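# Inside the fold
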Amino acid sequence: KAAQRSSDQGMVGRYQTNLAQTYVRLGDAPRAEQMSREAIRTLTPGNVSDLPTAYTALCRALSDQAEEVDSIAACRQAVATAQQSSNKADEARARNQLASTYFHFDRNREALEQYLQSLSLAEESGQKLGAAFVKNNIGNIFDSQGNYPLALRYYQESLAAKKESGTLLDQISSLGNIALV
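No experiment lies behind these values; they were computed from the predicted model shown.

What counts and what doesn't
- Residues numbered from 1 in each chain as written.
- Predicted model: local features only at pLDDT ≥ 70, side-chain atom pairs only at ≥ 80, totals over all residues.
- Heavy atoms only, no water.
- Helix = DSSP H or I, 4+ residues; strand = E, 2+ residues; numbered from the N terminus.
- Rg over C-alpha atoms; globule rule 2.2 N^0.38 Å.
- Buried < 20%, exposed > 50% of the residue type's maximum accessible area, 1.4 Å probe, protein only.
- Contact = heavy atoms within 4.5 Å.
- Expected span 1.5 Å × (residues − 1).
- Polar contact = N/O pair within 3.5 Å; in protein donor to acceptor, adjacent residues only side chain to side chain.
- Disulfide = S-S within 2.5 Å.
- pLDDT = per-residue confidence, 0-100.
- Axes fitted to C-alpha atoms, helices over the stretch in contact; angles between N-to-C directions.
- Parallel < 35°, antiparallel > 145°, perpendicular 65-115°, else oblique.
- Left-handed = near helix turned anticlockwise from the far one by under 90°.
- Nonpolar A, V, L, I, M, F, W, Y, C, P; charged D, E, K, R; others polar.

### Observations regarding the overall build of the chain
Broken down by element type, the chain carries nine helices and zero strands. Listing the helices and strands of the chain from first to last along the sequence gives α-α-α-α-α-α-α-α-α. The C-alpha atoms of the chain give 17 Å as radius of gyration, which agrees with the globular expectation for 181 residues (16 Å, within 12%). Buried residues in the chain amount to 44% of all 181 residues. In the chain, of all internal contacts separated by at least 6 residues, the share reaching a separation of at least 24 is 52%.

Structural data, given as structure tokens:
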């Protein structure tokens, strides 16, 4: 019965996390925050492998509400729980979100450090499309700093990887960024 209860909690927690992510996409950060916190409470007793995604959703919701300190703390918790579960792909995604949060709050040096770690983890874990998105994000940092040749290089690398592993929709952000440089 305990295993069934843990399995049921995991399913409920994943459902709550999915709702939180949906609220983030809809621009309803307060509801995303609430649902993320509920997911974390539900998952904490024994579903460590699902926690990074819930913390990442909380990070995004708090970032959208301009809660710098709390959003960074939530992202760091996403990284820590991904490390606990030894899932490099989850850690790569969590670090990418942490980097995006740093970038959102104009902390470019810290953002670049996290993006580079995310890129390394994504490549190590065979996440070609994830690595492509991280390269696009790295390009955004160099673009914002006026380093257009380096930004262009990362955008082009991102586009090449997205052509190989992604869809046309995935390629659009890289194409748009290349056009703007």
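### Digging into helix H5 (residues 88-104)
For H5, which comprises 17 residues, the first-to-last C-alpha distance of 24 Å matches the rise-based estimate of 24 Å (1.5 Å per residue) to within 8%. Along H5, twelve of the 17 residues are buried, which leaves the element largely enclosed by surrounding structure. All of the buried residues in H5 are Ala89, Asp90, Glu91, Ala92, Ala94, Arg95, Asn96, Gln97, Leu98, Ala99, Thr101 and Tyr102. The inward-facing, buried residues of H5 abut helix H3 (51-64), helix H4 (68-84), helix H6 (108-124) and helix H7 (128-144). At the N-terminal boundary of H5, the capping side chain belongs to asparagine 87, with an oxygen 3.1 Å from the backbone nitrogen of alanine 89. Positive phi shows up at aspartate 106, right after H5, with a value of about 60 degrees.

### Section: the side chain of glutamine 16
For glutamine 16, the position within the fold is in helix H1 (residues 2-26). In contact with glutamine 16, other than residues within four places in its own chain, are Met35, Glu38, Ala39 and Thr42.

### A few points about the state of the cysteines
For the structure shown, the criterion picks out one disulfide. Each sulfur of the disulfide joining cysteine 59 and cysteine 75 lies 1.8 Å from the other. Linking cysteine 59 and cysteine 75, the disulfide has an S-S dihedral of approximately -70 degrees and is accordingly described as left-handed. Separated by 16 residues along the polypeptide, cysteine 59 in helix H3 and cysteine 75 in helix H4 bring together distant segments of the chain. Like cysteine 75, cysteine 59 is buried.

### Remarks on H7
Across its 17 residues, H7 extends 25 Å between first and last C-alpha, which sits within 8% of the 24 Å expected from 1.5 Å per residue. Next to the buried residues of H7 lie H5, H6, helix H8 (148-165) and helix H9 (168-180). Directly after H7, the chain includes glycine 146, whose backbone phi takes a positive value near 85 degrees.

### Here's the deal with the environment of serine 63
Within the secondary structure, serine 63 sits in helix H3. For the pair serine 63 and tyrosine 102, spaced 39 residues apart in the sequence, the C-alpha separation amounts to 9.4 Å. When sequence neighbours within four positions are dropped, the list of residues in contact with serine 63 reads Ser71, Thr101, His104 and Phe105.

### Quick notes on the confidence of the model for the chain
Considering every residue of the chain, the mean pLDDT works out to 92; 96% of them sit at 70 or more. Looking over the chain, one finds the lowest element-wise mean pLDDT in H1, namely 82, and the highest in H6, namely 97.

### What to know about unusual backbone geometry
With a phi angle near 60 degrees, alanine 66 is a residue other than glycine that sits in the positive phi range. Structurally, alanine 66 can be placed in the loop between H3 and H4.

### Structural notes on the packing of H7 against H8
In contact at an axis separation of 8 Å, H7 and H8 are set at 160 degrees when each is read in the N-to-C sense. Of the possible angle classes, the one that applies to H7 and H8 is roughly antiparallel. Once H7 is placed against H8, the crossing between them reads as left-handed. Along its contact with H7, which presents Lys128, Leu129, Ala132, Phe133, Lys135, Asn136, Ile138, Gly139, Asn140, Phe142 and Asp143, the element H8 presents Tyr148, Leu150, Ala151, Tyr154, Tyr155, Glu157, Ser158, Ala161, Lys162, Glu164 and Ser165. The residue makeup of the contact of H7 with H8, split by class, is eleven nonpolar, five polar and six charged.

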